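Read off the chains here:
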Amino acid sequence: MHLDLNLLTALDALLEENSVAAAAERLNLSAPAMSRTLGRIRRVTGDQILVRTGRTMIPTPHALAIRAEVHDLVQRARGVLEPERELDLANLSRVFTVRGHDAVMTAIAPDLLGTVRERAPGVAVRLLGEAAGDTSDLRHGRVDLEIGAAEPDPPEITHVTVGHDRLVAVLGPGHPAGEGELTPARFAGADHVLVSRRGRLRDPVDRVLEERGLRRRVVASVPTSTAALYLVARSELVVAVPERMCRPTLRVLGLRTRPLPFDLPPVPIVLAWHQRYDNDRAHAWLRARIREALAFDDRASG
């Protein structure tokens, strides 16, 4: 049987877009031409691939099962066929999607975007907040790079730990716990806000306190560290956040930090991406710029 490898590219676009019209626009084809291509794919695979549900189309179970493999095959084929050449930043036209904790985004965005605007004016960067749960966006190409605190499990996801941060207690300028020794009991006796994108009211700090026979009162959880720090600035709440990542917001709000009165493991800073981008020069350039943006000037921390 003669296999038209162009069908793989079309299938990849269809499974990414879940739309004949959007896939056609992505590949610069007419909608009728893409519809005919979908028909050919259905005949070759023996599966409907996309089925209509109301006004939308959804992938079949078989389509979901092969989506990641199809995307990987298309990317690898492009890597083989495209000529090896130097990266031309001045003429690079590309959109990168980066996902991470809001504190990380706040910390790196000025330096990162300043470098991109100066050296690669045709590049746009979409900065996304953390997802509410685990996703397969790296695998499916919806996210190019993720910055987090956990090492990913899937073997096809490449990752590197680029540094560590430490949790500190953050207080408003007039908070009573800002003066004198901050003991575990004084820390636990304050009212607290937690940062949790899932709305949790406990975190590892509670376990450490309970080991010392202490409990704290958590009055609220918020989804971002920025929201928590604004709450602390306008109240007598306390929050524990990564010091280096939150440093820009801490400075703007004039908040105080104090070392936690107990030991906690440092928070790793992990970059993760799909292995299809391991040798992608533009992607590697972006990774290097993010690592530079994460290398804060520690002299400013006092």
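Quick note: structure is the one above.
Described below are features of the structure shown in this document. (Residues numbered from 1 in each chain as written. Predicted model: local features only at pLDDT ≥ 70, side-chain atom pairs only at ≥ 80, totals over all residues. Heavy atoms only, no water.)

### Some points on the pairing of strand 12 (residues 267-274)
Within strand 12, six of the eight residues are buried, leaving the element largely enclosed by the surrounding structure. Across eight bridges, strand 6 (residues 157-165) lies against strand 12 in antiparallel orientation. When the bridges of strand 12 are listed, Thr-158 appears paired with Trp-273. (Buried < 20%, exposed > 50% of the residue type's maximum accessible area, 1.4 Å probe, protein only. Helix = DSSP H or I, 4+ residues; strand = E, 2+ residues; numbered from the N terminus. Pairing = 2+ DSSP bridges.)

### Some thoughts on the packing of aromatic side chains
Any two aromatic rings considered together are summarised by their centre-to-centre distance and by the angle between their planes. Across all of its chains, the model carries one aromatic pair by this definition. Plain terms: the ring middles of Phe-187 and Phe-262 are 5.5 Å apart, the flat faces sit at 80° to each other, and that makes the pair edge-to-face. Linking Phe-187 in helix 7 (residues 184-189) with Phe-262 in the loop between strand 11 (256-259) and strand 12, this pair joins segments that are 75 residues apart in sequence. Relative accessible area serves as the criterion here: at 2%, Phe-187 is assigned to the buried category. For Phe-262, a relative accessible area of 7% gives the class buried. (Phe/Tyr/Trp six-rings, centres within 6.5 Å; stacked < 30°, edge-to-face > 60°.)

### What to know about the sheet that holds strand 12
Strand order across the open sheet formed by five strands is 4-3-5-12-6, with mixed pairing between neighbours. Unpaired on one side and paired on the other, strand 4 (123-128) and strand 6 mark the two borders of the sheet. This sheet shows a mean twist of 20° between the axes of neighbouring strands, independent of strand direction. Note that strand 3 (residues 94-100) and strand 5 (residues 145-148) share three bridges and pair parallel. Of the residues in strand 5, the one forming a bridge with Val-98 is Leu-145. (Axes fitted to C-alpha atoms, helices over the stretch in contact; angles between N-to-C directions.)

### Regarding the sheet that holds strand 9 (residues 217-222)
Across the sheet, five strands lie side by side as 9-8-10-7-11; this open sheet has mixed pairing. Both edges of this open sheet fall to strand 9 and strand 11, since each of them pairs with a single strand only. Mean inter-strand twist for the sheet, computed between neighbouring axes without regard to direction, equals 35°. Pairing analysis gives five bridges linking strand 8 (residues 191-195) to strand 9, with the strands arranged parallel. By the bridge assignment for strand 9, Leu-194 is matched with Ser-221. On the sheet, helix 10 (residues 243-253) packs against strand 7 (167-171), strand 10 (237-242) and strand 11 and is oriented at approximately 125° with respect to strand 10. (Contact = heavy atoms within 4.5 Å.)

### Focus: the pattern of salt bridges
Side-chain pairs of opposite charge can arise where the charged atoms are in close proximity. Applying the stated criterion across every chain yields a total of 15 salt bridges. Between Arg-139 and Glu-156 there is a salt bridge, with its nearest N and O atoms 2.6 Å apart. On the criterion of sequence distance, the pair formed by Arg-139 in helix 6 (residues 137-140) and Glu-156 in the loop between strand 5 and strand 6 is long-range, its members being 17 residues apart. Classification of Glu-156 by relative accessible area gives buried; the value is 16%. A salt bridge links Glu-292 to Arg-289, with the nearest nitrogen and oxygen atoms 2.8 Å apart. A residue pair is termed a helical-turn pair when its members lie 3 or 4 positions apart in one helix, as Glu-292 and Arg-289 do in helix 11 (residues 281-294) at three residues. For Arg-289, a relative accessible area of 11% corresponds to the buried category. By sharing partners, the salt bridges in this structure join Arg-99, Asp-137, Arg-142 and Glu-146 into a single network. (Salt bridge = Lys/Arg side-chain N within 4 Å of Asp/Glu carboxyl O.)

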